[in-house]
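Breakdown of the fold
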Amino acid sequence: MDIFLQVWGGSGYLLAKILLAHAEGLQRDRTWRIAGWFAYLIGLPAWVILLAGKQNWIAAAIEAGGAPALILGLASAWKRCDHVPRCVDWSVKAFTYLMIAGGIGYSIYYFKGITAVSQVLEIGVTFGFLLGSYLLAKKHPWGWLLFAGMLICMGILMYIQDKALLVFQQGISLVFVINGFIRAVHKVGIPRA
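What you see is a predicted model, and the numbers here were worked out from it, not measured in a lab. (Residues numbered from 1 in each chain as written. Predicted model: local features only at pLDDT ≥ 70, side-chain atom pairs only at ≥ 80, totals over all residues. Heavy atoms only, no water.)

**Overview of the overall build of the protein chain**
Let me state the cut-off plainly: A run of H or I in DSSP becomes a helix once it reaches four residues, and a run of E becomes a strand once it reaches two; helices and strands are each numbered from the N terminus. The size measure is the radius of gyration over C-alpha atoms, and the globule rule it meets is 2.2 Å times the number of residues to the 0.38 power. Only protein chains enter the accessibility calculation, which uses a 1.4 Å probe. A residue is then buried if its area is under 20% of the maximum for its type, exposed if over 50%, and partly exposed in between. A 1.4 Å probe and the Shrake-Rupley method give the accessible areas. Residues count as covered only by the protein chains that appear here.
A count of helices and strands for the protein chain gives eight helices and zero strands. Moving toward the C terminus, one meets the helices and strands of the protein chain in the order α-α-α-α-α-α-α-α. The C-alpha radius of gyration of the protein chain comes to 16 Å, within 12% of the 16 Å expected for a compact globule of 193 residues. Looking at the protein chain residue by residue over its 193 residues, the buried ones come to 48%. Surface summary for the protein chain: the accessible area is close to 9,600 Å², and the carbon and sulfur share equals 72%.

And the structure:
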């Protein structure tokens with residue numbers, strides 16, 4: 001079951017990064033973005049199950065909590081909307097911050113403080129995934145850099161937990177994330193954070 005979840009989650013997330021990175025260089029990017037956000041949503045359940053199974057509560061909560069940002073990205077691409085309504089944007093942002101606080105809070109409660117390296121790595125995954133997804137849903141290039149940090153933290157976490165397939169997937173994903181950032185910067189320039 002563990003290998004099945006690694007293949008399912010890893011391939012869904014890798015495919016999403018490939019598709020979204022490719023979309024960055026295109027004028028007609030809608031189909032690629034829709035496919036990319038959909039691939040993220042397909043891989044999401046496997047990641048939640050894998051992380052929760054190893055008591056990586058922060059990362060599991062964050063993966064689940066990232067669903068609204070992924071749906072925002074999918075909906076924005078579907079509707080060809082570069083600017084989302086303010087109430088939707090605020091709701092996704094508020095939910096993102098609540099999930100960050102909730103995941104970190106529960107982990108601190110469960111482990112009676114920050115007592116493990118895995119918790120620190122999960123915090124890196126938390127900020128990288130949630131804020132990166134949110135920024136990418138809004139087509140902001142800095143989301144790619146947050147994803148790069150997230151991939152490094154997740155790769156180390158998966159290495160610690162002997163998940164070689166996911167370590168490999170994180171490394172491959174990093175190549176596409178860096179490519180996505182370069183393509184996004186060439187397309188829109190370097191925006192302020």
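So, next bit.
**Quick notes on the pattern of salt bridges**
Inclusion rule: Just to be clear on terms, a salt bridge is a Lys or Arg side-chain nitrogen sitting within 4 Å of an Asp or Glu carboxyl oxygen.
For the structure on display, the rule yields five salt bridges. In this structure, Asp29 and Arg33 form a salt bridge, with 2.5 Å as the shortest nitrogen-oxygen distance. We classify Asp29 as buried; its relative accessible area is 8%. Exposure remark for Arg33: the relative accessible area of 5% places this residue in the buried category. Members of the salt-bridge network, linked through shared partners, are Glu24, Asp29, Arg33 and Lys139.

**Quick look at the packing of aromatic side chains**
We count it as follows: Classification of ring pairs rests on two measures: the distance between centres of Phe, Tyr or Trp rings, Trp counted by its six-membered ring, which must be within 6.5 Å, and the angle between planes, read as stacked under 30 degrees, edge-to-face over 60 and tilted in between. Whether a charge sits over a ring depends on NZ of Lys or CZ of Arg being within 6 Å of the ring centre and within 35 degrees of the ring normal.
For the structure shown, the criterion picks out ten aromatic pairs. Centre to centre, the rings of Trp144 and Phe147 are 6.4 Å apart; their planes meet at 75°, and the pair counts as edge-to-face. In this pair, Trp144 and Phe147 are both assigned in helix H7 (residues 142-160), three residues apart and thus about one turn of the helix distant. On the basis of relative accessibility, which here comes to 1%, the residue Trp144 falls in the buried class. Look at Phe147 and you get buried, because its relative accessible area is 0%. Aromatic ring contacts, followed pair by pair, group Tyr13, Trp37, Tyr40, Trp47, Phe129, Trp144 and Phe147 into a single cluster. Just above the ring of Trp78 sits the side chain of Arg30; from NZ or CZ to the centre is 5.3 Å. Sitting over the face of the ring of Tyr109, Lys112 holds its NZ or CZ atom 5.9 Å from the ring centroid.

**Observations regarding helix H4 (residues 67-79)**
Along an α-helix, a turn takes 3.6 residues, which lines up residues three or four apart on a common side. Counted only if it meets this: By this rule, a helix spans an expected 1.5 Å times one less than how many residues it contains.
Between its terminal C-alpha atoms H4 stretches 18 Å, which fits the 18 Å expected from 13 residues at 1.5 Å a residue. Of the positions making up H4, those classed as buried are Ala67, Ala69, Leu70, Leu72, Gly73, Leu74, Ser76 and Ala77.

**Quick word on the side chain of Ser118**
Threshold: Contacts are assigned to residue pairs that have any heavy atoms within 4.5 Å of one another.
Its place among the elements puts Ser118 in helix H6 (residues 117-137). A residue is classified by how much of its surface remains accessible, and Ser118, at 16% relative accessible area, is buried. Aside from chain neighbours lying at most four places away, what touches Ser118 is Asn56 and Leu157.

**Remarks on empty space enclosed by the protein**
We apply this condition: Here a cavity denotes a set of grid points, spaced 1 Å apart and computed over the protein atoms alone, in which a 1.4 Å probe fits but from which it cannot get out, and a pocket denotes an open set meeting protein on both sides within 12 Å along at least five of seven lines; residues with an atom within 4 Å of a point are reported as lining. Grid points are joined across faces, edges and corners, and a volume is the space filled by probe spheres set on the points. Ten residue types, Ala, Val, Leu, Ile, Met, Phe, Trp, Tyr, Cys and Pro, are classed as nonpolar, four, Asp, Glu, Lys and Arg, as charged, and the remainder, Gly among them, as polar.
Going through the model one piece at a time under the given rule, you end up with one cavity of 30 Å³ or more. Here the largest cavity defines a volume of roughly 60 Å³. For the largest cavity, the lining is made up of ten residues, of which Gly73, Ser76, Ala77, Ala137 and Lys139 are closest to its centre. For the lining of the largest cavity, the secondary-structure elements that each account for two or more residues are helix H2 (30-53), H4 and H6. Top element by residues in the lining of the largest cavity is H4. It accounts for three residues. Among the residues making up the lining of the largest cavity, the classes are represented as five nonpolar, two polar and three charged.

**Thoughts on unusual backbone geometry**
One non-glycine residue, Lys112, lies in the positive phi region at around 60°. In this fold, Lys112 is placed in the loop between helix H5 (86-111) and H6. In this structure Lys112 comes out as exposed when scored by relative accessible area, which is 72%.

**Overview of the environment of Pro45**
Its location among the elements puts Pro45 in helix H2. For the pair formed by Pro45 and Ala67, sequence separation is 22 residues and the distance between their alpha carbons is 9.9 Å.

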